Amino acid sequence: MNRRAFLATGGLGLAGTLAGCSFGNGGRRTDTADSDVAVETVAEGLESPWSITPLPDSSQLLVTERVGRVTLVDQESGTVTAVDGTPEVYASGQGGMLDSTLHPEYPAKPWVYLTYSGANDSGESATHLGRGRLDVAATRFETFEQLHVAEPFVDSDGHFGSRVVFGPDGFVYMTVGDRQFKDFGPDHVAQDTTNELGTTLRLTRTGEVPDSNPFVDEQSVVDTIFSYGHRNAQGMTVHPETGAIWQAEFGEQDGDEINILEAGANYGWPIADEGCTYGEGDPIGVSHADRDDVVAPVYSWPCGSGGFPPSGATFYTGDAFPDWQGDLFVGGLASQYLARFTVDGQAVEEAAGLLEGREWRIRDVVVEPDSGHLLVIVDSPDAPLVRLRPA
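Rules used throughout
Residues numbered from 1 in each chain as written. Predicted model: local features only at pLDDT ≥ 70, side-chain atom pairs only at ≥ 80, totals over all residues. Heavy atoms only, no water. Helix = DSSP H or I, 4+ residues; strand = E, 2+ residues; numbered from the N terminus. Rg over C-alpha atoms; globule rule 2.2 N^0.38 Å. Buried < 20%, exposed > 50% of the residue type's maximum accessible area, 1.4 Å probe, protein only. Contact = heavy atoms within 4.5 Å. Areas by Shrake-Rupley, 256 points an atom, 1.4 Å probe, with all protein chains shown as cover. Pairing = 2+ DSSP bridges. Axes fitted to C-alpha atoms, helices over the stretch in contact; angles between N-to-C directions. Core = buried A, V, L, I, M, F, W, Y, C linked by side-chain atoms within 4.5 Å. Salt bridge = Lys/Arg side-chain N within 4 Å of Asp/Glu carboxyl O. Phe/Tyr/Trp six-rings, centres within 6.5 Å; stacked < 30°, edge-to-face > 60°. Lys NZ or Arg CZ within 6 Å of the ring centre and 35° of its normal.

Student: Sorry, what's going on with the overall build of the protein chain here?
Tutor: Within the protein chain, the regular secondary structure consists of one helix and 24 strands. Taken against the 2.2 N^0.38 rule, which gives 21 Å for 391 residues, the C-alpha radius of gyration of the protein chain at 19 Å falls within 12% of a compact globule. Over its C-alpha atoms, taken along the principal directions, the protein chain stretches across nearly 55 × 45 × 40 Å. Sorting the 391 residues of the protein chain into buried and exposed places 59% on the buried side. In the protein chain, the proportion of contacts linking residues at least 24 apart, taken out of those at least 6 apart, comes to 58%. Total accessible area on the protein chain stands at roughly 14,800 Å², and carbon and sulfur atoms take up 43% of it.

Set out below in structure tokens:
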């Protein structure tokens, strides 16, 4: 089974077939597991969960499920309670209820920001951003408002993105996938800045365009765009020291990437890429190094490496694992493990793989604020949420 079929079927039953391959930039992991880590089950029975958002000063976690739900998970009891008042979503293919993040002044301003796929009257779909005022005690959104729709609507069930974070500038950063367009050339939607596909968008907290966006003075470019030339970024996090936005992005066959965002930058897809086409293994565009108008990834899984592909990312900032301070964790889907990377400026090296051998497609990973433990969710119709703590 090739990588494309593996992703389509959820990759069940192929544990370990991709782990152990040659990884990013031709390197290999220096170790394959961490014996000092214990794995505990926090909750079970989640249906295709997509994101974890810890609520501050609380044992509660906000978890999105791609089938269209937002749930509250109590870490102490393991109970899972659906949140009412969520938006209607287009839960088909890779679409549904996707990412979540909190207003920077939560809980004083109890807004929860959600990304999700929605459909128009013609059945075409697009990635949406909205926000709701969360009443935790009542387990409901008191109000919910749509803030932005990444246009155009497309007749596709794939590549919605979508992660959402607040940057240190207080703006909302949101990834939008390329919707699986296959015309690999300069006319591809991810290279066409008159649309919002294959981009990272930057918006205000109410969904408007910041005056400082890089293309606000260019009439031929959509002014919500912060960066473009992306395929399908499903990991995004903020560096705890530099404040830079880091992304983890799917390639085609291999070509998965870790990128650091720059305002107005072109990340190359598909005119510059390190991956290749499904099946034939033909190059897609040229290497990033062969063009001076694109930004190269700081880490990549080149064609022939076996790929990763990445979903969910976070920098470790807790106290439970002192040796991990500043390391980057990225979830692996087809590769079925959680990768730990050491980071020194823009030098990124894979150091370890955790949770291998469990046949778990890792969808998201976050640091629990109080304990410093890692919380991980698995992409499965009947999925666990687990905690990684010192053994």
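Student: I tried to follow the sheet that holds strand 16 (residues 256–260) on my own but got confused; where do I start?
Tutor: Each strand in a sheet pairs with its neighbour through backbone hydrogen bonds, running either in the same direction (parallel) or in the opposite one (antiparallel). Strand order in the open sheet formed by four strands is 14-15-16-17, and the pairing between neighbours is antiparallel. For this open sheet the edge positions go to strand 14 (233–238) and strand 17 (299–301), each flanked by a neighbour on one side alone. Pairs of neighbouring strands in the sheet enclose a mean axial angle of 15°, with direction left out of account. In the sheet, strand 16 pairs with strand 17 via three bridges, with the strands oriented antiparallel. By the bridge assignment, D256 is partnered in strand 17 with W301.

Student: Explanation requested: the pairing of strand 18 (residues 310–315) in the structure shown.
Tutor: Looking along a regular strand, one sees the side chains alternate between the two faces of the sheet. Counting buried residues along strand 18, six of its six residues qualify, which places the element largely inside the surrounding structure. In the sheet, strand 18 pairs with strand 19 (residues 328–332) via four bridges, with the strands oriented antiparallel. Of the residues in strand 19, the one forming a bridge with T314 is F329.

Student: What should I look at first to understand the nonpolar core in this one?
Tutor: The tendency in soluble globular proteins is for nonpolar side chains to be buried side by side. In this structure, L338, L354, L374 and L388 are the most contacted members of the largest nonpolar core, which totals 31 residues. Among the elements of the structure, strand 1 (37–46), strand 3 (60–65), strand 21 (347–354), strand 22 (362–367), strand 23 (374–378) and strand 24 (383–390) are those that each provide at least two residues to this core. In terms of residue count, strand 23 provides more of this core than any other element does, five residues in total. Core analysis: the next-biggest nonpolar cluster, separate from the first, contains 19 residues, V176, L197, L201 and Y228 among them.

Student: Hey, could you run me through the pattern of salt bridges in this one?
Tutor: A pair can form between side chains of opposite charge whenever their charged atoms are brought close. Overall, the coordinates contain 17 salt bridges when judged by the stated rule. Residue E40 pairs with R387 through a salt bridge whose shortest N-O separation is 2.8 Å. Of this pair, E40 sits in strand 1 while R387 sits in strand 24, placing them 347 residues apart in sequence. R387 gets classed as buried once you look at its relative accessible area, which sits at 15%. Taken together, the salt bridges that share partners define one network made up of E40, R387 and R389.

Student: Would you take a moment to explain the packing of aromatic side chains for this structure?
Tutor: Each aromatic ring pair is specified by the distance between its two centres and by the angle formed by the two planes. By the definition in use, this model includes 17 aromatic pairs. Between W324 and F329 the ring centres are 5.0 Å apart and the planes differ by 55°, which places this aromatic pair in the tilted class. Feature note: the residues Y299, W301, F308, Y337 and F341 constitute an aromatic cluster, connected by ring pairs. One Lys or Arg, R131, reaches over the ring of W111 and ends 3.8 Å from the middle of that ring. Positioned over the ring face of W111 is R133, at 5.4 Å from the centre of the ring.

Student: I tried to follow the sheet that holds strand 21 on my own but got confused; where do I start?
Tutor: Taken together, four strands build an open sheet; the order of strands is 18-19-20-21 and the sheet is antiparallel. Taken across any chain shown, the strands that pair with only one partner, and hence form the sheet edges, are strand 18 and strand 21. On average, adjacent strands in this sheet sit at an angle of 25° to one another, irrespective of strand direction. With seven bridges connecting them, strand 20 (residues 338–344) and strand 21 associate as antiparallel partners. Bridge assignment links V343 to a residue of strand 21, and that residue is V348.

Student: Mind showing me how you'd approach the environment of G68 here?
Tutor: Tracing the sequence through the fold places G68 in the loop between strand 3 and strand 4 (69–74). Distance from G68 to P87, taken between C-alpha atoms, is 8.3 Å for residues 19 residues apart in sequence. If near-sequence neighbours (up to four positions away) are discounted, G68 is found in contact with T86, V89 and M97.

Student: When you look at the environment of Q60 in this model, what are you seeing that I'm missing?
Tutor: By the secondary structure assignment, Q60 is in strand 3. A C-alpha to C-alpha distance of 5.5 Å links Q60 and V73, two positions 13 residues apart in sequence. The contacts of Q60, once residues within four sequence positions are left out, are P54, L55, L72, V73, D74 and V136.

Student: Whenever I open this one, the pairing of strand 16 confuses me. Can you help?
Tutor: Strand 16 sits mainly inside the fold: five of its five residues count as buried. Residues of strand 16 alternate between two faces, with D256, I258 and I260 on one and E257 and N259 on the opposite face, all of them buried. Pairing between strand 15 (residues 245–249) and strand 16: four bridges, direction antiparallel. Bridging across to strand 16, Q247 finds its partner in N259. The hairpin formed by strand 15 and strand 16 contains six residues between the paired strands, and D254 there has a positive phi angle of roughly 60°.

These figures come from the coordinates and say nothing about function on their own.
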